Amino acid sequence: MPRTVITFGTFDVFHVGHLRMIERAAAHGDRLVVGVSADALNRRKKDRDPVFGEDERLAIVAALKPVDEVFLEESLELKRHYIETYGADVLVMGDDWAGRFDEFKDVCEVVYLPRTPAISTTALIEKIAGA
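Attention in this report is confined to the structure presented alongside it. Note that the structure is predicted; figures quoted are calculated from it, not measured. (Residues numbered from 1 in each chain as written. Predicted model: local features only at pLDDT ≥ 70, side-chain atom pairs only at ≥ 80, totals over all residues. Heavy atoms only, no water.)

### A closer look at the overall build of the chain
Each helix and strand in the chain was counted, giving five helices and five strands. Element order for the chain, N to C, with α for helix and β for strand: β-α-β-α-α-β-α-β-β-α. Residues classed as buried in the chain amount to 40% of the 131 residues present. Within the chain, contacts between residues separated by at least 24 positions form 64% of all contacts whose residues are at least 6 apart in sequence. Carbon and sulfur atoms provide 54% of the accessible area of the chain, an area that totals close to 7000 Å². (Helix = DSSP H or I, 4+ residues; strand = E, 2+ residues; numbered from the N terminus. Buried < 20%, exposed > 50% of the residue type's maximum accessible area, 1.4 Å probe, protein only. Contact = heavy atoms within 4.5 Å. Areas by Shrake-Rupley, 256 points an atom, 1.4 Å probe, with all protein chains shown as cover.)

Spelled out as structure tokens, the structure:
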């Protein structure tokens, strides 16, 4: 039986850490579905607008070979709904969220992956802004 994996992220200023996360998430199943944070969600979550708009970020993520389907994530509170809607067997998130999504273990396996060392979108934005 094919396994569907779901993961979520903003994927702003796309970098190798994002790519590695998507590749490692895809390795947990046969089909990868990715929720890309809406601009409004990003503003609520990080108190700033993303550098690239949601349409651009959706297009970038959709173009990646391991990704089978993308959708716009409108709310953190809808995670269970997204998991059920896309029939996810596995939820994969970065370990900066460790424990935060354990409540979904009743509907799917929950996996937290280590972040790619020495890279972050915030650090990249700050570096570019300072240049």
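### Some thoughts on the sheet that holds strand β3 (residues 69-73)
Strand order in the open sheet formed by five strands is β3-β2-β1-β4-β5, with parallel pairing between adjacent strands. Pairing within the sheet leaves two strands with one partner each, and these edge strands are β3 and β5 (109-113). Going across the sheet, the axis of each strand differs from the next one's by a mean of 25°, ignoring polarity. As judged from the six bridges shared by strand β1 (residues 4-9) and strand β2 (residues 31-37), these two strands associate in the parallel manner. Within β2, the residue paired with Thr7 across the bridge is Val34. Most of the contacts of helix α1 (residues 16-26) go to strand β4 (residues 90-94), to which it runs at about 155°, and overall it touches β1, β2, β4 and β5. (Pairing = 2+ DSSP bridges. Axes fitted to C-alpha atoms, helices over the stretch in contact; angles between N-to-C directions.)

### Concerning α1
Taken together, the buried positions of α1 are Gly17, His18, Met21, Ile22 and Ala25. The buried residues of α1 occupy one face: seen down the axis, they fall within an arc of 135°. (Arc of directions from axis to C-beta.)

### Examining helix α3 (residues 54-62)
Buried within α3 we find Arg57, Leu58 and Val61. Viewed along the axis of α3, the buried residues span an arc of 100°, placing them on a single side of the element. Close packing links the buried residues of α3 with α1, β2, α2 (39-46) and β3.

### Here we look at the packing of aromatic side chains
The tally for this structure, following the rule as stated, stands at seven aromatic pairs. For the ring pair Phe8 and Tyr82, a centre distance of 5.9 Å and an interplane angle of 45° mean the geometry is tilted. Taken together, the residues Phe8 in strand β1 and Tyr82 in helix α4 (residues 79-85) connect sequence positions 74 residues apart. Comparing Phe8 with Tyr82 shows no difference in burial state: the two are buried. Three or more aromatic residues joined by ring pairs make a cluster, and in this case those are Phe8, Phe71, Tyr82 and Tyr86. Here the basic side chain of Lys79 rests over the ring of Phe8, its NZ or CZ set 4.0 Å away from the ring centre. (Phe/Tyr/Trp six-rings, centres within 6.5 Å; stacked < 30°, edge-to-face > 60°. Lys NZ or Arg CZ within 6 Å of the ring centre and 35° of its normal.)

Worth remembering: the numbers are spatial, not functional.
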